[in-house]
Amino acid sequence: MSAERLQTLDGWRGISITLVMLGHLFPIGPKHWALNEAVAGAGMALFFILSGYLITALLLQDDRPVPFLVKRFARVLPLAWLVLALTLTLSGVDDTRIWWRHLSFTTNWAPIALTPHTSHFWSLCLEVQFYLAIAAWVALGGRRALWALPLVATAITIGRILADKPMVIDTQYRLDEILAGCCLALARARGWGPRTVRPGLILALCPLLVASAHSDAGALNFARPYLAMLLVGGSLCLDPDHWLSRILGSRVLAYLARVSYALYLIHGVLRWTWLGTGETTAIKYLKRPLLLLATFGLAHLSTNRYEAVFIRWSRRWVSEREAGR
């Protein structure tokens, strides 16, 4: 994968976390328009597309499940478990079943076991479950098994339509957003799709994606995974020198992409603390700069001083095992 394409993907990751945080932390339009949920939902759709795309691209190159899981779990588990342990302890949760459901990343299964402070962890549950499922998939069938994923994505979307589940957090009704990213990676691996895309088409897809995440969008909700897939996929076909490509490759979005995982976990917890609440709406939003400062500060430290330790360890572990073969 070229450096320009990686920059484009990082750009969308930076945009995705921005949309999610905007939807969670700031009022977007009149309240009765319900735009906050739509904006955050669009951000999550982009995030899932990127996840499915990158995971599939990695497994097409190296389909060994153990190194894949070691690297993935070293990336997500240390911070997730630390944040969960602190959050559940400080919020007074003493039910061992709730702790187990959180630490095993099954809280988005019925019966839902999320707490208000951990409500955003549903997406990480979906991610971890996907890692385990895709690793088992390639362990059984090798990289050739990845070519069946478009059928699985189609089946899940049809299941959503039949069950009338436009946007829920249950794995069986949300996994098609990740699998659509897998389909994009498979298509690009075969060289399918246009060589160039008009930037106007990409810009037109942006509001359509937000609309597809709105609670009143009706049937358009079922197209959300594929609208996000087209949006990201189309941007990969842009001329690297185009102004839109340069925006997606900007340093600001690259930095947001780098710290996006920590931003997501930390902001979701801090918004329920003193920093994110207030007796009046005015007081709550007057404290937003402090909330953002704390979120970005902790995310920067976590990314560079905490998470990096485990990421380096996983790479070293895999390298040593490869050298010893």
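Here, every reference points to the structure presented above.
Below: a short report on this structure. (Residues numbered from 1 in each chain as written. Predicted model: local features only at pLDDT ≥ 70, side-chain atom pairs only at ≥ 80, totals over all residues. Heavy atoms only, no water.)

## What to know about the overall build of the protein chain
And then number 1: Helices and strands together make up the secondary structure of the protein chain, namely 15 helices and zero strands.
And then number 2: Taken over the C-alpha trace, the protein chain has a radius of gyration of 20 Å; the compact-globule value for 325 residues is 20 Å, and the two agree within 12%.
And then number 3: Reported as C-alpha extents along the three principal axes, the dimensions of the protein chain are approximately 55 × 50 × 45 Å.
And then number 4: The buried share of the protein chain, reckoned over its 325 residues, is 46%.
And then number 5: A separation threshold of at least 6 residues defines the contact pool for the protein chain, and within that pool the share at least 24 residues apart is 73%.
And then number 6: By element, 66% of the accessible surface of the protein chain is carried by carbon and sulfur atoms, the whole surface being about 16,000 Å². (Helix = DSSP H or I, 4+ residues; strand = E, 2+ residues; numbered from the N terminus. Rg over C-alpha atoms; globule rule 2.2 N^0.38 Å. Buried < 20%, exposed > 50% of the residue type's maximum accessible area, 1.4 Å probe, protein only. Contact = heavy atoms within 4.5 Å. Areas by Shrake-Rupley, 256 points an atom, 1.4 Å probe, with all protein chains shown as cover.)

## Considering the packing of aromatic side chains
And then number 1: For the structure on display, the rule yields six aromatic pairs.
And then number 2: Where phenylalanine 48 meets tryptophan 122, the ring centres are 5.8 Å apart and the plane angle is 65°; that geometry is what we call edge-to-face. Of this pair, phenylalanine 48 sits in helix α2 (residues 35–61) while tryptophan 122 sits in helix α5 (residues 122–141), placing them 74 residues apart in sequence.
And then number 3: Among the aromatic residues, those joined into a ring-pair cluster are Phe47, Phe48 and Trp122.
And then number 4: Sitting over the face of the ring of tryptophan 147, arginine 190 holds its NZ or CZ atom 4.2 Å from the ring centroid.
And then number 5: Against the face of tryptophan 274 rests lysine 287, its NZ or CZ located 4.0 Å from the ring centre. (Phe/Tyr/Trp six-rings, centres within 6.5 Å; stacked < 30°, edge-to-face > 60°. Lys NZ or Arg CZ within 6 Å of the ring centre and 35° of its normal.)

## Concerning the pattern of salt bridges
And then number 1: Evaluation of the coordinates by the stated rule reveals 10 salt bridges.
And then number 2: Across the pair glutamate 177 and arginine 174 runs a salt bridge, and its minimum N-O distance is 3.0 Å.
And then number 3: For glutamate 177, a relative accessible area of 1% corresponds to the buried category.
And then number 4: Among the residues examined, arginine 174 registers a relative accessible area of 3% and is labelled buried.
And then number 5: What emerges from the salt-bridge pattern is a single network uniting Asp62, Arg64 and Glu322. (Salt bridge = Lys/Arg side-chain N within 4 Å of Asp/Glu carboxyl O.)

## Notes on the side chain of asparagine 221
And then number 1: Along the chain, asparagine 221 turns up in the loop between α9 (199–212) and α10 (224–235).
And then number 2: You can call asparagine 221 buried: its relative accessible area is 2%.

## Overview of a nonpolar patch on the surface
And then number 1: A cluster of nonpolar residues, Leu82, Leu86 and Leu90, forms a patch on the protein surface that exposes about 320 Å² of accessible area.
And then number 2: By the secondary structure assignment, leucine 82 is in helix α3 (residues 65–90).
And then number 3: Taking relative accessible area as the criterion, leucine 82 reaches 35% and is therefore assigned partly exposed. (Patch = residues over 30% accessible without salt bridge, like charges linked within 9 Å, V, L, I, M, F, W, Y side chains within 5 Å.)

## A look at the packing of α9 against α10
Working note: a packed helix pair is described by the angle between its axes plus the distance between those axes.
And then number 1: Taken N-terminus to C-terminus, the directions of α9 and α10 make an angle of 155°; their axes are 9 Å apart at the nearest point. Overall, the two elements α9 and α10 adopt an arrangement that is roughly antiparallel. Seen along the crossing, α9 lies across α10 with a hand that is left-handed. Taking contact as the criterion, the partners of Ile202, Leu205, Cys206, Leu208, Leu209 and Ser212 in α9 are, on α10, Arg224, Leu227, Ala228, Leu230, Leu231, Gly234 and Ser235.
And then number 2: Here the residues of the contact of α9 with α10 sort into nine nonpolar, three polar and one charged. (Axes fitted to C-alpha atoms, helices over the stretch in contact; angles between N-to-C directions. Parallel < 35°, antiparallel > 145°, perpendicular 65-115°, else oblique. Left-handed = near helix turned anticlockwise from the far one by under 90°. Nonpolar A, V, L, I, M, F, W, Y, C, P; charged D, E, K, R; others polar.)

## Structural notes on the nonpolar core
And then number 1: Judged by nonpolar contacts, the single largest core of 78 residues is most densely connected at Leu124 and Phe130.
And then number 2: With 11 residues, α2 is the single largest residue contributor to this core.
And then number 3: Residues in contact with leucine 124, not counting those within four places in the same chain, are Val76, Ala80, Phe105, Tyr261 and Leu265. (Core = buried A, V, L, I, M, F, W, Y, C linked by side-chain atoms within 4.5 Å.)

## Here's the deal with α2
Each α-helix turn comprises 3.6 residues. Residues three or four places apart therefore point the same way.
And then number 1: For α2, spanning 27 residues, the distance from its first C-alpha to its last is 40 Å, which sits close to the expected 39 Å at 1.5 Å a residue.
And then number 2: Across the 27 residues of α2, 20 count as buried, placing the element largely inside the fold. (Expected span 1.5 Å × (residues − 1).)

## Overview of the environment of tryptophan 272
And then number 1: Relative to the elements of secondary structure, tryptophan 272 occurs in the loop between α13 (260–270) and α14 (281–286).
And then number 2: Overall, the relative accessible area of 39% leaves tryptophan 272 in the partly exposed class.
And then number 3: Considering only alpha carbons, one finds tryptophan 272 and proline 116, 156 residues apart in sequence, at a separation of 7.9 Å.
And then number 4: Not counting chain neighbours up to four residues away, the residues in contact with tryptophan 272 comprise Pro116, His117, Ser119 and Thr277.
And then number 5: A polar atom in the side chain of tryptophan 272 sits 2.9 Å from the backbone oxygen of proline 116. (Polar contact = N/O pair within 3.5 Å; in protein donor to acceptor, adjacent residues only side chain to side chain.)

## With respect to the environment of glycine 141
And then number 1: Take glycine 141: it is sitting in helix α5.
And then number 2: For the pair glycine 141 and histidine 24, spaced 117 residues apart in sequence, the C-alpha separation works out to 40 Å.

## Considerations on unusual backbone geometry
As a rule of thumb, non-glycine residues mostly have phi less than zero, and peptide bonds are mostly trans rather than cis.
And then number 1: Residues alanine 110 and proline 111 are joined by a peptide bond in cis, for which omega reads -5°.
And then number 2: Within the secondary structure, proline 111 sits in the loop between α4 (96–103) and α5.
And then number 3: In this structure, phenylalanine 105 is a non-glycine residue whose phi angle is positive, near 60°.
And then number 4: The topology assignment puts phenylalanine 105 in the loop between α4 and α5.
And then number 5: A relative accessible area of 3% means that phenylalanine 105 is categorised as buried.
And then number 6: Its identity as a non-glycine residue notwithstanding, aspartate 164 has a phi of 55°, on the positive side.

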